[in-house]
Amino acid sequence: MVGITVANRELDGNPNNKIFFENLQMCPVCQYCSWDIENIPSDIQKEIMGSEKYKSIVEDSNFSELEKKLRLKILLSYGDENNLANAYLHLLWYLENDKKNVIKERSQTTYHLKRYLENNTDIDMACIYIDCCRRMEEFEESKESISSLKNYVGKRERIKKFLDYEERLCIEKDSNAHKTGEIEG
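Residues numbered from 1 in each chain as written. Predicted model: local features only at pLDDT ≥ 70, side-chain atom pairs only at ≥ 80, totals over all residues. Heavy atoms only, no water.

Participant: Mind laying out helix 6 (residues 123–135), listing which residues take part and the relevant values?
Facilitator: Over its 13 residues, helix 6 runs 18 Å from end to end, which matches the ideal 18 Å to within 8%, given 1.5 Å per residue. With respect to burial, helix 6 is a largely interior element, 12 of its 13 residues being buried. For helix 6, the complete set of buried residues consists of I123, M125, A126, C127, I128, Y129, I130, D131, C132, C133, R134 and R135. On its buried face, helix 6 is in contact with helix 4 (81–97), helix 5 (103–118), helix 7 (139–149) and helix 8 (157–171). N-capping of helix 6 is provided by D122, with a side-chain oxygen placed 3.3 Å from the backbone N of D124. Looking one or two residues past helix 6, E137 carries a phi angle of roughly 65°, positive in sign. (Helix = DSSP H or I, 4+ residues; strand = E, 2+ residues; numbered from the N terminus. Expected span 1.5 Å × (residues − 1). Buried < 20%, exposed > 50% of the residue type's maximum accessible area, 1.4 Å probe, protein only. Contact = heavy atoms within 4.5 Å. Polar contact = N/O pair within 3.5 Å; in protein donor to acceptor, adjacent residues only side chain to side chain.)

Written out as structure tokens, the structure is:
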């Protein structure tokens, strides 16, 4: 993708570019929202799409079209912790890029990442969880997760450097956003 570089990404993976969201689609007929609307919604998703909460988001004029799609994707992801964590993360990125207050969304993202990680070994998602915790000033939780994750990374030097950098930021009580390009620097 043009304009998205690894060095420009934040430590939680945020690409800092709206191009990332261009493929999120909404069916103009039924308002099904997906990265690929040709996938048929499940029976549970169809039920969610008929709910008042779903309809209220579709009709809410306070949300941009992209924010609506992201919020609808969250609703459609319930029951699948990986997709739910990713949906919250994408909303968080969008709102951050739009310079909006994201305290609630970061908290929800962290909660769903933790739930997903309780039953899954996913190093990339664990790294995102660590950064989200640090950004919420949950430095001890972040450091505990770093310590635990270091046992799983093996010879993955890029991940080791990421964890060392996050650990240093936790020790310094730094809750600011940082780019992946800073890790080498």
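Participant: Outline the packing of helix 4 against helix 5, listing residues and values.
Facilitator: One can describe the packing of helix 4 onto helix 5 by two numbers: an axis separation of 8 Å at closest approach and a directional angle of 155°. Judged on the interaxial angle alone, helix 5 and helix 4 are roughly antiparallel. Between helix 4 and helix 5 lies a crossing of left-handed hand. Contact residues: E81, N82, L84, A85, Y88, L89, L91, L92, L95 and E96 in helix 4; E105, R106, Q108, T109, H112, L113, R115 and Y116 in helix 5. Looking at the contact of helix 4 with helix 5 residue by residue, the class counts come to nine nonpolar, four polar and five charged. (Axes fitted to C-alpha atoms, helices over the stretch in contact; angles between N-to-C directions. Parallel < 35°, antiparallel > 145°, perpendicular 65-115°, else oblique. Left-handed = near helix turned anticlockwise from the far one by under 90°. Nonpolar A, V, L, I, M, F, W, Y, C, P; charged D, E, K, R; others polar.)

Participant: Give a detailed account of the packing of aromatic side chains, specifying residues and quantitative values.
Facilitator: Under the criterion given, the structure shown has four aromatic pairs. Arranged with centres 6.0 Å apart and planes meeting at 70°, the rings of F20 and W35 form a pair that is edge-to-face. Taken as a pair, F20 in the segment before strand 1 (25–26) and W35 in the loop between strand 2 (33–34) and helix 1 (43–49) lie far apart in primary sequence, 15 residues in all. Taking the relative accessible area as the measure of exposure, F20 reaches 18% and is therefore buried. Geometrically, the ring pair formed by F20 and W93 is edge-to-face, given 5.4 Å between the ring centres and 70° between the ring planes. Of this pair, F20 sits in the segment before strand 1 while W93 sits in helix 4, and the two are 73 residues apart along the sequence. (Phe/Tyr/Trp six-rings, centres within 6.5 Å; stacked < 30°, edge-to-face > 60°.)

Participant: Can you lay out the state of the cysteines for me, pointing to particular residues and giving the numbers?
Facilitator: Applying the stated criterion across every chain, the model contains zero disulfides. Just so you know, C170 is unpaired, no disulfide at all, and the nearest cysteine sulfur is the one on C133, 8.7 Å from it. (Disulfide = S-S within 2.5 Å.)

Participant: Account for the side chain of D131, naming residues and giving values.
Facilitator: Counting through the fold element by element, D131 comes out in helix 6. Overall, the relative accessible area of 1% leaves D131 in the buried class. Contact partners of D131, with chain neighbours within four places excluded, come to L11, D12 and E166.

Participant: So what's going on with the packing of helix 4 against helix 6? Which residues, and what values?
Facilitator: A pair of packed helices is characterised by two quantities: the angle between their axes and the separation of those axes. The contact between helix 4 and helix 6 brings their axes to 13 Å, and the two run at 45°. As judged from the angle between their axes, helix 4 and helix 6 are oblique. Crossing angle aside, the handedness with which helix 4 passes helix 6 is left-handed. On helix 6, the residues that touch N82, A85, N86, L89, L92 and E96 of helix 4 are M125, I128, C132 and R135. Of the residues contributing to the contact of helix 4 with helix 6, the split by class is six nonpolar, two polar and two charged.

Participant: Account for helix 3 (residues 65–77), with residues named and values stated.
Facilitator: Between its first and last C-alpha, helix 3 extends 18 Å over 13 residues, near the 18 Å set by a 1.5 Å rise per residue. In terms of burial, helix 3 is a largely internal element, 10 of the 13 residues being buried. Considered for burial, the residues of helix 3 that qualify are L66, E67, K68, L70, L72, K73, I74, L75, L76 and S77. Looking at the packing, one finds that the buried side of helix 3 touches strand 1, strand 2, helix 1, helix 2 (52–59) and helix 4. Just beyond helix 3, the residue with positive phi is G79, at close to 100°.

Note that every value here comes from positions in space, so none of it alone points to a role or purpose.
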